[in-house]
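# Structure at a glance
As a plain string of letters, each chain reads:
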Amino acid sequence: MPPKKIMNLYIRYFNSEALVKSADEAIEFLNSINEIEMNPVLEADIREYADSDVHFPKRYKIRPRVYFIIIKTEAASMLEFKENRTQHANKESEPKPKPTSPTMVRLNAEHEGWYEGSLKFKRACITPSTGKFQYRDTFFVARVKATSGMDCYNRIVDHLSQRVDERSQFPSVKGKNYQFTYLGKART
């Protein structure tokens, strides 16, 4: 069995913070803060947390919406602890490549040629008797020369947006209201 790592305790209560080596030092630090009332139950819980194999931070409620936090760390100094947290935060903030969904792969696959695209959109139509607009589901199918399913969608929407009211609403390219089929290469 590998030797147990020595864990220090980082404690923070608002702007008061400390890095201590034992539960006794943690209790002593917390006793120095006037707002925290130490009692035998809290002391026992801090000792139990310090001796346990649990590495998750632990927070203790002082009053409604007011807590202090204890974090186990291998850092030997406050500076080392803060640097480790900064490095960890920087690693988390690095942009991770988004996984590409199968739908997007299919939409962006380039095959130049003829496509048949169909979409169901909300067409804004005026009601003659009231003069108000209402939306009607409209189904549209077109065969277009394009380089991908996405290009097919863009060409259909460009065509329709010049011919219907600007309040009309087109579906998402990834949604169920747009489908396309690759028909084959264009003859030159």
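Analysis parameters
Residue positions within a chain follow its written sequence, with the count starting from 1. Totals for whole chains, interfaces and linings use every residue, but because this is a predicted model, local features are given only for residues with pLDDT of at least 70 and side-chain atom pairs only at 80 or more, for both listing and counting. The basis for the side-chain values is all heavy atoms of the structure; hydrogens and waters are excluded. Only DSSP runs of H or I covering at least 4 residues are called helices, and only runs of E covering at least 2 are called strands; the numbering of each starts at the N terminus. Exposure categories follow from relative accessible area, calculated using a 1.4 Å probe and restricted to protein chains: below 20% of the type maximum is buried, above 50% is exposed, and the middle band is partly exposed. Contacts between residues were defined by any pair of non-hydrogen atoms, one from each residue, lying within 4.5 Å. For the area figures, the Shrake-Rupley method with a 1.4 Å probe applies, and any residue is considered shielded solely by the protein chains shown. Any two strands are treated as partners once DSSP identifies two or more bridges connecting them. Angles here are taken between N-to-C directions and fall from 0 to 180 degrees, while the axes themselves are lines fitted to C-alpha atoms, restricted in helices to the stretch in contact. Expected span, for any helix, means 1.5 Å times one less than how many residues it has. By definition, the arc is the one covered by directions from the helix axis to the C-beta atoms. Under the rule applied, a polar contact is a pair of N or O atoms within 3.5 Å (in protein, one hydrogen donor and one hydrogen acceptor; residues adjacent in sequence only if both atoms are side-chain atoms). Any Lys or Arg side-chain nitrogen located within 4 Å of an Asp or Glu carboxyl oxygen qualifies as a salt bridge. Angle categories are assigned with fixed cut-offs, so that under 35 degrees is roughly parallel, over 145 is roughly antiparallel, 65 to 115 is roughly perpendicular, and the rest are oblique. Take the far helix as your reference; a near helix turned counterclockwise from it by less than a right angle gives a left-handed crossing, and one turned clockwise gives a right-handed crossing. Here the term charged refers only to Asp, Glu, Lys and Arg, the term nonpolar to Ala, Val, Leu, Ile, Met, Phe, Trp, Tyr, Cys and Pro, and the term polar to all other amino acids, Gly among them.

### Looking at the overall build of the chain
- Scanning the chain for helices and strands turns up five helices and seven strands.
- Across the 188 residues that make up the chain, the buried fraction comes to 30%.
- A separation of at least 24 residues holds for 55% of the contacts in the chain among residues at least 6 apart in sequence.
- When the accessible surface of the chain is split by element, carbon and sulfur atoms take 51% of a total near 13,700 Å².

### Regarding the pairing of strand 6 (residues 133–146)
- As defined by bridge partners, strand 5 (residues 113–126) adjoins strand 6 across 14 bridges and the pair is classed as antiparallel. When the bridges of strand 6 are listed, F121 appears paired with T138.
- In this structure, the hairpin formed by strand 5 and strand 6 is closed by a connection of six residues, where G131 is found at a positive phi of approximately 75°.

### Here's the deal with the pairing of strand 3 (residues 58–63)
- Strand direction decides the pairing type here: strand 3 and strand 4 (residues 66–73), joined by five bridges, are antiparallel. Bridge pairing links Y60 to F68 in strand 4.
- Counted along the chain from strand 3 to the antiparallel partner strand 4, the turn is two residues long, and its residue R65 has a positive phi close to 65°.

### A word on the sheet that holds strand 5
- With antiparallel pairing, three strands are arranged side by side in an open sheet as 6-5-7. The open sheet terminates on both sides in strands that have one partner only, identified here as strand 6 and strand 7 (178–184). Taking the axes of each pair of neighbouring strands and ignoring which way they run, one obtains an average angle of 20° across the sheet.
- Across the sheet, helix 5 (residues 149–161) is in contact with strand 5, strand 6 and strand 7; its angle to strand 6 comes to roughly 130°.

### Considerations on helix 2 (residues 40–51)
- In this model helix 2 runs 16 Å from its N-terminal to its C-terminal C-alpha over twelve residues, within 8% of the 16 Å that 1.5 Å per residue would give.
- Of the residues making up helix 2, those classed as buried are L42, I46 and Y49. The buried residues of helix 2 all sit within an arc of 65° when viewed along its axis, so they share a single face. For helix 2, exposure combined with an orientation more than 90 degrees from the buried face picks out P40, V41, E48 and D51.
- You can read the cap of helix 2 off the contacts: a side-chain oxygen lies 3.1 Å from the backbone nitrogen of V41, and it is on N39.

### Quick word on the pattern of salt bridges
- Counted according to the given criterion, the structure contains seven salt bridges.
- A salt bridge links E116 to R143; the nearest nitrogen and oxygen atoms lie 3.0 Å apart. Here R143 lies in strand 6 and E116 lies in strand 5, a separation of 27 residues in the sequence.
- Taking relative accessible area as the criterion, E116 reaches 27% and is therefore assigned partly exposed.

### A closer look at the sheet that holds strand 4
- Strand order in the open sheet made by the four strands is 2-1-4-3, with antiparallel pairing throughout. Taken across any chain shown, the strands that pair with only one partner, and hence form the sheet edges, are strand 2 (16–20) and strand 3. The sheet shows a mean angle of 15° between the axes of neighbouring strands, taken without regard to direction.
- Pairing geometry for strand 1 (residues 8–13) and strand 4, over five bridges, is antiparallel. Its bridge partner being in strand 4, Y10 is matched across the sheet by I71.
- The sheet contacts of helix 2 involve strand 1, strand 3 and strand 4, and relative to strand 4 the element is tilted by about 30°.

### Quick notes on the packing of helix 1 (residues 23–31) against helix 2
- Two numbers describe how helix 1 lies on helix 2: the axes approach to 9 Å, and their chain directions differ by 140°. One way to sum up the angle between helix 1 and helix 2 is to call them oblique. For the element pair helix 1 and helix 2, the recorded crossing hand is right-handed. From helix 1, A23, D24, A26, I27 and L30 reach across to helix 2, where they touch E43, I46, R47 and A50.
- The residue makeup of the contact of helix 1 with helix 2, split by class, is six nonpolar, no polar and three charged.

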